[in-house]
Amino acid sequence: GEDVEQSLFLSVREGDSSVINCTYTDSSSTYLYWYKQEPGAGLQLLTYIFSNMDMKQDQRLTVLLNKKDKHLSLRIADTQTGDSAIYFCAEVPQGGYNKLIFGAGTRLAVHP
Amino acid sequence: GAGVSQSPSNKVTEKGKDVELRCDPISGHTALYWYRQSLGQGLEFLIYFQGNSAPDKSGLPSDRFSAERTGGSVSTLTIQRTQQEDSAVYLCASSVPGLAPYEQYFGPGTRLTVT
């Protein structure tokens, strides 16, 4: 079946790296996404990775994909207070481009 | 340009009443989605519209939920005889179908509270 799991909460000190983990079950997923939700706002696409890649870097963000273990991670370098938000992992099942399967979201709290 | 807008931003209703939630997608986006975000839960897919095709209603939790999309643009999600378990944030998203990486653009949501 389709299921995406993530830990619910992460607390880091400002300036440290944050690593948010996600596991998914659909091995045929073509794209995997990280969405960010700031308080009172909708979700915004932060980054994504295509299933034939194992790493993608975008400024302070690094996405790692381990297809064998169906594990996705998001690393935020030099975490800032503005990074405090809920981060959702999501997958698009093969042929299922009409809907995303989301995890429950990881709330990232950044403290001084 | 304007993003996805939703109204109202907050809605408090009594159990048993009907509610209508509205979504205005980004102009030119032919695909429109409704999701529900309950406290501590991920986003739950409800329904998907694409152009003139029959909508994918596979995520609607009960027959009290319905949605329509008029003129291929604005969509209304209707919940009849609301129950307390319907309390959640209802998110609308739109996209250009077939355009990788299939990014969905989300509105700010409508927070529904059923008392």
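Structure: see above.
This one's a predicted model, so the numbers in the text were calculated from it and none came from an experiment. (Residues numbered from 1 in each chain as written. Chains lettered and ligands numbered in written order. Predicted model: local features only at pLDDT ≥ 70, side-chain atom pairs only at ≥ 80, totals over all residues. Heavy atoms only, no water.)

Strand pairing in a sheet takes place through backbone hydrogen bonds and is either antiparallel or parallel in direction. Residue and element names in this part refer to chain B. The four strands are arranged β1-β3-β7-β6 in an open sheet whose pairing can be described as antiparallel. Edge positions in the sheet fall to β1 (5-7) and β6 (65-69), since each of these pairs with one other strand and no more. Adjacent strand axes in the sheet meet at a mean angle of 15°, parallel and antiparallel pairs treated alike. With five bridges connecting them, β6 and strand β7 (residues 75-79) associate as antiparallel partners. When the sheet's bridge partners are listed, Ala67 is paired in β7 with Leu77. (Pairing = 2+ DSSP bridges. Helix = DSSP H or I, 4+ residues; strand = E, 2+ residues; numbered from the N terminus. Axes fitted to C-alpha atoms, helices over the stretch in contact; angles between N-to-C directions.)

With that out of the way, let us pick up the pattern of salt bridges. With the rule as written, the count across this model stands at six salt bridges over all chains. With a shortest N-O distance of 3.7 Å, Asp69 of chain A and Lys68 of chain A are connected by a salt bridge. Arg64 of chain B is the salt-bridge partner of Asp86 of chain B, the closest N and O atoms lying 2.8 Å from each other. Of this pair, Asp86 of chain B sits in the loop between β7 and β8 (88-95) while Arg64 of chain B sits in the loop between β5 (43-50) and β6; the two residues are 22 residues apart in sequence, bridging distant segments of the chain. Comparing Asp86 of chain B with Arg64 of chain B, the two get one shared label, buried. (Salt bridge = Lys/Arg side-chain N within 4 Å of Asp/Glu carboxyl O. Buried < 20%, exposed > 50% of the residue type's maximum accessible area, 1.4 Å probe, protein only.)

So, about the sheet that holds strand β7 (residues 61-66) of chain A. Residue and element names in this part refer to chain A. In spatial order, the strands read β1-β3-β8-β7-β6; together these five strands make up an open sheet with antiparallel pairing. Two strands bound the open sheet, and with one partner strand each, they are β1 (4-6) and β6 (55-58). Averaged over neighbouring strand pairs, the angle between their axes works out to 15° when direction is ignored. Summarising the sheet, β1 and strand β3 (residues 18-24) pair through three bridges and their orientation is antiparallel. Residue pairing for β3: Gln6 is matched across the bridge by Cys22.

A few words on the pairing of strand β11 (residues 106-111) of chain A. Residue and element names in this part refer to chain A. Of the two faces of β11, the one lined by Thr106, Leu108 and Val110 is fully buried and the one lined by Arg107, Ala109 and His111 carries no buried residue. Note that strand β2 (residues 9-13) and β11 share five bridges and pair parallel. Its bridge partner being in β11, Val12 is matched across the sheet by Val110. Pairing analysis gives three bridges linking strand β9 (residues 85-92) to β11, with the strands arranged antiparallel. Looking at the pairing, Tyr87 lines up with Thr106 of β11.

What follows covers the state of the cysteines. Following the criterion strictly, the structure yields two disulfides over all chains and no others. Shown here is the disulfide that connects Cys22 of chain A with Cys89 of chain A, its sulfur atoms set 2.0 Å apart. Judged by the sign of its S-S torsion, about -65°, the cystine formed by Cys22 of chain A and Cys89 of chain A is left-handed. Of this pair, Cys22 of chain A sits in strand β3 while Cys89 of chain A sits in strand β9, and the two are 67 residues apart along the sequence. Each member of the pair, Cys22 of chain A as well as Cys89 of chain A, is classed as buried. Each disulfide pairs two cysteine sulfurs, and for Cys23 of chain B the partner residue is Cys92 of chain B, the sulfurs being separated by 1.8 Å. Looking along the S-S bond of the Cys23 of chain B-Cys92 of chain B disulfide, the torsion reads about -65°, which is the left-handed sense. Residue Cys23 of chain B is located in strand β3 (residues 19-24), and its partner Cys92 of chain B is located in strand β8; the two are separated by 69 residues in the primary sequence. (Disulfide = S-S within 2.5 Å.)

In this section: the pairing of β9 of chain A. Residues and elements named next belong to chain A. Where burial is concerned, most of β9 is hidden: eight out of the eight residues are buried. Taking every second residue as pointing to the same face, both faces of β9 are buried, with Ala85, Tyr87, Cys89 and Glu91 on one and Ile86, Phe88, Ala90 and Val92 on the other. Sheet topology places strand β4 (residues 31-37) next to β9; seven bridges connect them, and they run antiparallel. Within the sheet, the bridge partner assigned to Trp34 lies in β9 and is Cys89. Two elements, β9 and strand β10 (residues 101-102), share two bridges in a ladder whose sense is antiparallel.

Attention shifts here to the interface of chain A and chain B. With 18 residues of chain A in contact, the opposing surface of chain B contributes 20 residues. Summing the contributions of chain A and of chain B, the shared interface buries around 1600 Å²; its carbon and sulfur component is 59%. At the boundary of chain A and chain B, one finds zero salt bridges. For the pair chain A and chain B, the number of links is three residue pairs in polar contact (both at pLDDT 80 or more). Mapped onto the side of chain A that touches chain B, the elements with two or more residues apiece are β4 and β5 (43-50) of chain A. Residue contributions to the side of chain A that touches chain B peak at four residues, all from β4 of chain A. For the side of chain A that touches chain B, the residue count by class is twelve nonpolar, five polar and one charged. (Contact = heavy atoms within 4.5 Å. Buried area = accessible area lost by both parts, 1.4 Å probe. Polar contact = N/O pair within 3.5 Å; in protein donor to acceptor, adjacent residues only side chain to side chain. Nonpolar A, V, L, I, M, F, W, Y, C, P; charged D, E, K, R; others polar.)

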